[in-house]
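Spelled out, the chains give:
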Amino acid sequence: MTDHAISSPLPPQVVPRAEHGISRKDISPNALRVLYRLRDGGFNGYLVGGAVRDLLIGGHPKDFDVATDATPEQVKSLFRNCRLIGRRFRLAHVVYGREIIEVATFRANSADDTDDRETGDDGRLLRDNVYGSIEDDAVRRDFTANALYYTVDDFSVRDYVGGYDDVRNRVLRLIGDPIERYREDPVRMLRAARLSAKLDFAIAPEAAEPIPEMADLLSAAPPARLFDECLKMFLAGHAEKSFTKLEELGLLPALFPETAKALATNRSGALRAMVLQALRNTDARIAADKPVTPAFLFAALLWPAYCRELAVLQKQGVDPTVAQQRAADRVTLHQAQRIALPRRFSLPMQEIWLLQPRFGQRIRKRVFRLLAHPRFRAAFDFLELRAGAAPELAEDLAFWREAQAQAPEVLAERLVPKSPRRGEGSADDAGEPGEPGEEGDDAGRAPRRRRRRRRPRPGGDAAG
Ligand code: ATP
Ligand code: MG
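This text gives an overview of the structure that appears in the document. (Residues numbered from 1 in each chain as written. Chains lettered and ligands numbered in written order. Predicted model: local features only at pLDDT ≥ 70, side-chain atom pairs only at ≥ 80, totals over all residues. Heavy atoms only, no water.)

**Some points on the overall build of the chain**
Next, step 1: Looking only at helices and strands, one finds 24 helices and 14 strands in the chain.
Next, step 2: When each of the 464 residues of the chain is scored for burial, the buried share is 52%.
Next, step 3: Total accessible area computed for the chain in this model is approximately 20800 Å², and 50% of it derives from carbon and sulfur atoms. (Helix = DSSP H or I, 4+ residues; strand = E, 2+ residues; numbered from the N terminus. Buried < 20%, exposed > 50% of the residue type's maximum accessible area, 1.4 Å probe, protein only. Areas by Shrake-Rupley, 256 points an atom, 1.4 Å probe, with all protein chains shown as cover.)

Have a look at this one:
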């Protein structure tokens, strides 16, 4: 049990309707329904958290959370369309078609509640499931900007932690002692990075400063939770900024240890450029309402790690095909210790990697087989991404772009009918120049393909 620096809340500041600019027309009608029903039932209900924060800066909240002094059972009795979820801490979900309004009873986790609150030896919060007052509920939140309460009683915003001014100044400030709050829950460091990227808020110096030192604590966070956090960071429209924030705060090695190592040793910076381009593309797709998949995202985020692992194996003389599979497996396995990437994403991620060398092939049968591969499109998009940072891939890229557009007969004309079959020995290949080196993205240019191609290519392989 640690001492709590999060002492008592400030005297409440009530920001009246005339001042704060939140209008009911920007609030989900269902959230308003919940607030009114709670009030009519004799309870206090508030819009809280990210929604209030986003409304104050003129944003459009993606969900509306409600906090109340009603217990979950009392909430349930007020709504027919309500189900209770969660074992550790019961929450009420009020369901309106596809919209769910989450209603949470005020929670406390003050140092006094020793019965219901447990911390690990390292001060990490293991359990916190005590109900409390609105003030308790405010101070257990992470950032002051996330601890504002909007009420339909008088349409004011209640502020117990100075969050209103912080939102106006666009600052993320931890409630209480930052070191202690990070120790309790290291994921708050990621939330700082994510929210500062998403909202374009500065992180208060005292909240930013301890992060690099404490980043390693993230290795104790549950991998499933880190996966969820990753999706919020990288599949919500602000991936590139989230990534550079992670770098800035020294959090990258904690989340993606092998990628961080590979980026640090990649002198040309080509691998980093490729990752940033992938994230920029992801952001653009989300802005255009196009689908995105964690498989492609992680293929890009872990590509530097894969290239590095593959280079090591090839230097050891491992057969290229074996090396590719082994590198993919190793990177996936090591990364899984940090982030629980479900198999339905890690398998297609590996396929995207393993298909890369096949873009170097021009044998008729193989070309048609690759075109028909279920993962062709994703793998081709990945090739395009790599080509952005590796000009020597331009010819492959042009070939496959045309190949997709051409009639099969026309395409067949351009292709080599079968393998020239020379130099089968993989040991030769591994020793050839152009093997993936620490300079990075050569992994798609497996030596294998050099034996299969008939025409020497202008620009040459030697550069790899
Ligand atoms: P977003 O708009 O991205 O959803 P958010 O702030 O709403 O951001 P949520 O994960 O939805 O983030 O969390 C809702 C609220 O719960 C937060 O605003 C904050 O008040 C509180 N909260 C979330 N995570 C933590 C945490 N790790 N520690 C303390 N409070 C938290
Ligand atoms: Mg939210």
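After that view, the rundown keeps rolling.
**A word on the pairing of strand 5 (residues 91-96)**
Next, step 1: Within strand 5, five of the six residues are buried, which leaves it mostly tucked inside the rest of the structure.
Next, step 2: Here four bridges tie strand 4 (residues 82-85) to strand 5, and the two strands are oriented antiparallel to one another. Note on strand 5: the bridge partner recorded for Arg83 is His93.
Next, step 3: Once strand 4 ends, the chain turns through five residues before running back antiparallel as strand 5, passing Gly86 with a positive phi of about 85 degrees.
Next, step 4: Here strand 5 runs beside strand 6 (residues 99-105); their pairing, made up of five bridges, is antiparallel. Across the sheet, residue Tyr96 finds its bridge partner in strand 6, namely Glu99. (Pairing = 2+ DSSP bridges.)

**Observations concerning the site of ligand 1**
Next, step 1: Around ligand 1, the surrounding shell holds 18 residues, and the nearest of these are Arg53, Lys62, Asp185, Arg194 and Lys198.
Next, step 2: Taking Arg188, its side chain carries an N or O atom lying 2.8 Å from a nitrogen atom of ligand 1.
Next, step 3: Within the complex, the protein chains bury 85% of what would otherwise be the 590 Å² of accessible surface of ligand 1.
Next, step 4: Only helix 3 (50-56), helix 8 (187-199) and helix 11 (223-234) provide two or more residues apiece to the shell around ligand 1.
Next, step 5: Here the shell around ligand 1 takes five residues from helix 8, the largest share from any one element.
Next, step 6: Split by residue class, the shell around ligand 1 holds one nonpolar, three polar and 14 charged. (Near = heavy atom within 4 Å. Polar contact = N/O pair within 3.5 Å; in protein donor to acceptor, adjacent residues only side chain to side chain. Nonpolar A, V, L, I, M, F, W, Y, C, P; charged D, E, K, R; others polar.)

**Some details on the side chain of Ser196**
Next, step 1: Along the chain, Ser196 falls in helix 8.
Next, step 2: When its relative accessible area of 2% is taken as the criterion, Ser196 is described as buried.
Next, step 3: Those residues in contact with Ser196, other than ones at most four positions away along the chain, are Leu172, Arg191, Phe201, Ile203 and Lys245. (Contact = heavy atoms within 4.5 Å.)

**A look at the layout of surface pockets**
Next, step 1: Looking at the largest pocket, its volume works out to about 1700 Å³.
Next, step 2: Forming the boundary of the largest pocket are 46 residues, of which Arg107, Arg140, Arg191, Arg225 and Lys232 lie nearest the centre.
Next, step 3: Every element with two or more residues in the lining of the largest pocket is listed here: helix 3, strand 3 (65-68), strand 5, strand 6, strand 9 (125-128), helix 7 (178-184), helix 8 and helix 11.
Next, step 4: Considering each element in turn, the lining of the largest pocket owes the most residues, five residues, to helix 8.
Next, step 5: Its residues assigned to classes, the lining of the largest pocket comprises 14 nonpolar, six polar and 26 charged.
Next, step 6: Counted as a void, the second largest pocket has a volume near 380 Å³.
Next, step 7: As for the second largest pocket, its lining consists of 16 residues, and the residues nearest its centre are Asn281, Arg285, Pro291, Phe296 and Asp381.
Next, step 8: Listed by contribution, the elements that provide at least two residues to the lining of the second largest pocket are helix 15 (270-287), helix 16 (294-315) and helix 20 (376-389). (1 Å grid on protein atoms, 1.4 Å probe; cavity = no way out; pocket = protein on both sides within 12 Å on 5 of 7 lines; lining within 4 Å. Points joined across faces, edges and corners; volume = space filled by probe spheres on them.)

**Some remarks on the sheet that holds strand 2 (residues 45-48)**
Next, step 1: Spatially, the eight strands line up as an open sheet ordered 1-12-11-2-3-6-5-4, and their pairing is mixed. Strand pairing shows two members of the sheet lacking a second neighbour, strand 1 (13-15) and strand 4, which therefore form its edges. The sheet shows a mean angle of 30 degrees between the axes of neighbouring strands, direction not considered.
Next, step 2: Where strand 1 lies against strand 12 (residues 157-159), three bridges are found, and the strand directions are antiparallel. For Gln13, the partnering residue across the bridge sits in strand 12 and is Asp159.
Next, step 3: Contacts between helix 2 (residues 29-40) and the sheet are confined to strand 2, strand 3, strand 5 and strand 6, with strand 6 contributing the most and set at about 35 degrees to the helix. (Axes fitted to C-alpha atoms, helices over the stretch in contact; angles between N-to-C directions.)

**A word on the pattern of salt bridges**
Opposite charge on two side chains lets them pair, provided their charged atoms get close.
Next, step 1: One pass over the full model with this rule turns up 25 salt bridges.
Next, step 2: Among the salt bridges present, the one from Asp185 reaches Arg225, with a minimum N-O distance of 3.0 Å. Here Arg225 lies in helix 11 and Asp185 lies in the loop between helix 7 and helix 8, a separation of 40 residues in the sequence.
Next, step 3: On the accessibility criterion, Asp185 (13% relative accessible area) is buried.
Next, step 4: What you see here is one network of salt bridges that share partners, running through Arg181, Glu184, Asp185, Arg188 and Arg225. (Salt bridge = Lys/Arg side-chain N within 4 Å of Asp/Glu carboxyl O.)

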